[in-house]
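# Close look at the chain arrangement
Residues per chain are reported as follows:
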Amino acid sequence: MFSTTAGKPTSLGDTQEIRQGAGSFMSRKVWLPKLLYTILPYFYLTSGLAAFLATMYIIVVNPAIISETGMSFSAVLTATVLVSAFSSIAMGLYANNPIVLAPGMGLNAFFTYTVVLGMGIEWQTALGAVFWSGIVFILLSIFTVRTAIVKAIPKQLRYAIASGIGLFIATI
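Calculation notes
Residues numbered from 1 in each chain as written. Predicted model: local features only at pLDDT ≥ 70, side-chain atom pairs only at ≥ 80, totals over all residues. Heavy atoms only, no water. Helix = DSSP H or I, 4+ residues; strand = E, 2+ residues; numbered from the N terminus. Buried < 20%, exposed > 50% of the residue type's maximum accessible area, 1.4 Å probe, protein only. Contact = heavy atoms within 4.5 Å. Areas by Shrake-Rupley, 256 points an atom, 1.4 Å probe, with all protein chains shown as cover. Phe/Tyr/Trp six-rings, centres within 6.5 Å; stacked < 30°, edge-to-face > 60°. Polar contact = N/O pair within 3.5 Å; in protein donor to acceptor, adjacent residues only side chain to side chain. pLDDT = per-residue confidence, 0-100. Axes fitted to C-alpha atoms, helices over the stretch in contact; angles between N-to-C directions. Parallel < 35°, antiparallel > 145°, perpendicular 65-115°, else oblique. Left-handed = near helix turned anticlockwise from the far one by under 90°. Nonpolar A, V, L, I, M, F, W, Y, C, P; charged D, E, K, R; others polar. Expected span 1.5 Å × (residues − 1). Core = buried A, V, L, I, M, F, W, Y, C linked by side-chain atoms within 4.5 Å.

## Some remarks on the overall build of the protein chain
Looking only at helices and strands, one finds seven helices and four strands in the protein chain. Each helix (α) and strand (β) of the protein chain, taken in turn from the N terminus, gives the series β-β-β-β-α-α-α-α-α-α-α. Counting only residues that meet the buried cut, the protein chain has 15% of its 172 residues in that class. Long-range contacts, defined as pairs at least 24 residues apart, comprise 33% of the intrachain contacts of the protein chain with a sequence gap of at least 6. Carbon and sulfur atoms make up 73% of the accessible area of the protein chain, which amounts to about 12,600 Å² in all.

## Here's the deal with the packing of aromatic side chains
Geometrically, a pair of aromatic rings is defined through the distance of the ring centres and the angle of the planes. Per the counting criterion, the structure on display carries one aromatic pair. Ring geometry for Phe 131 and Trp 132: centres 5.1 Å apart, planes at 75 degrees, overall edge-to-face.

## Digging into the environment of Thr 69
Relative to the assigned elements, Thr 69 resides in the loop between α2 (57-66) and α3 (73-94). Apart from residues lying up to four places away in sequence, Thr 69 is in contact with Phe 111, Thr 112, Val 116 and Trp 123. A polar contact is formed between the side chain of Thr 69 and the backbone oxygen of Ile 66, at a distance of 2.6 Å.

## With respect to the confidence of the model for the protein chain
Per-residue confidence for the protein chain gives a mean pLDDT of 81; residues scoring 70 or more make up 77%. The least confident element of the protein chain, judged by mean pLDDT, is strand β3 (residues 15-19) at 47; the most confident is helix α5 (residues 123-142) at 94. Note that residues 7-28 has pLDDT below 50 and, in this model, 39 contacts with residues that lie over four places away or in other chains.

## Thoughts on the packing of α2 against helix α4 (residues 105-118)
Relative orientation of the contacting elements α2 and α4 amounts to 15 degrees, with a least axis distance of 9 Å. With respect to their mutual orientation, α2 and α4 come out roughly parallel. The hand of the α2/α4 crossing is left-handed. Only Met 105, Asn 108, Ala 109, Thr 112 and Tyr 113 of α4 make contact with α2, whose side of the interface consists of Tyr 57, Ile 58, Val 61, Asn 62, Ile 65 and Ile 66. Tallied by class, the residues present in the contact of α2 with α4 amount to eight nonpolar, three polar and no charged.

## Observations concerning the environment of Val 130
Within the secondary structure, Val 130 is located in helix α5. A residue is classified by how much of its surface remains accessible, and Val 130, at 45% relative accessible area, is partly exposed. In this structure the C-alpha to C-alpha distance between Val 130 and Phe 111, which are 19 residues apart in sequence, comes to 9.0 Å.

## Side note on unusual backbone geometry
Comment: phi is negative for the bulk of residues other than glycine, and the bulk of peptide bonds are trans. Within the chain, Thr 144 stands out as a residue other than glycine whose phi angle is a positive 55 degrees. Positionally, Thr 144 belongs in the loop between α5 and α6 (145-152). Residue Thr 144 is classed as partly exposed on the basis of its relative accessible area of 48%.

## Considerations on α5
Every α-helical turn comprises 3.6 residues, leaving residues that sit three or four positions apart pointing alike. Its 20 residues place the ends of α5 29 Å apart at the C-alpha level, agreeing with the 28 Å of an ideal helix rising 1.5 Å per residue. Positive backbone phi, at 55 degrees, marks Thr 144, one or two positions downstream of α5.

## Observations concerning the nonpolar core
Ile 66, Met 71, Val 76, Phe 111, Val 115, Val 116 and Ala 126 form the largest nonpolar core, which has seven residues in total. When sequence neighbours within four positions are dropped, the list of residues in contact with Val 115 reads Phe 110, Gly 120, Ile 121 and Ala 126.

## So, the packing of α2 against α3
Where α2 meets α3, the closest approach of the two axes is 9 Å, and the angle between their N-to-C directions is 135 degrees. Judged by the inter-axis angle, α2 sits oblique to α3. Crossing of α2 over α3 shows right-handed handedness. In contact with Ile 58, Ile 59, Val 60, Asn 62, Pro 63, Ala 64 and Ile 66 of α2, α3 contributes Phe 73, Val 76, Leu 77, Thr 80 and Val 81.

Here it is as structure tokens:
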């Protein structure tokens, strides 16, 4: 853990240079004490484990909800795990942002209880609509239409909407 010089540990103030990936939010040089640099992998592993434990309920609840539409529980479970793992790893490696990504439970409940069971639409047709809405959203993002729409909403209204959603979640 400690490096030694002539049998003695170096001081805790010794530093080691760490260069983050280009384009990251920390693209400048960061100087950290060597002790902290040796402990960082431990923090990364424990924080990753904590994030997984906080979101692992989705692995079981998501297939339980969606399987009510007639889809196979095991197929939805496999898809949930693969999508969550791939998107979280991509977020960490590509965006250099340690955020866990998983399917949204509210949209899954809307898909199951409102669209499929409530409106009587077959799950295959509903999944097709989800696919095409994803394509439209990607195109809106590529052509920066989505950004223009968000910028058209006044900043105070955006903050009010975010606060309202946060308060709503807090009351649940």
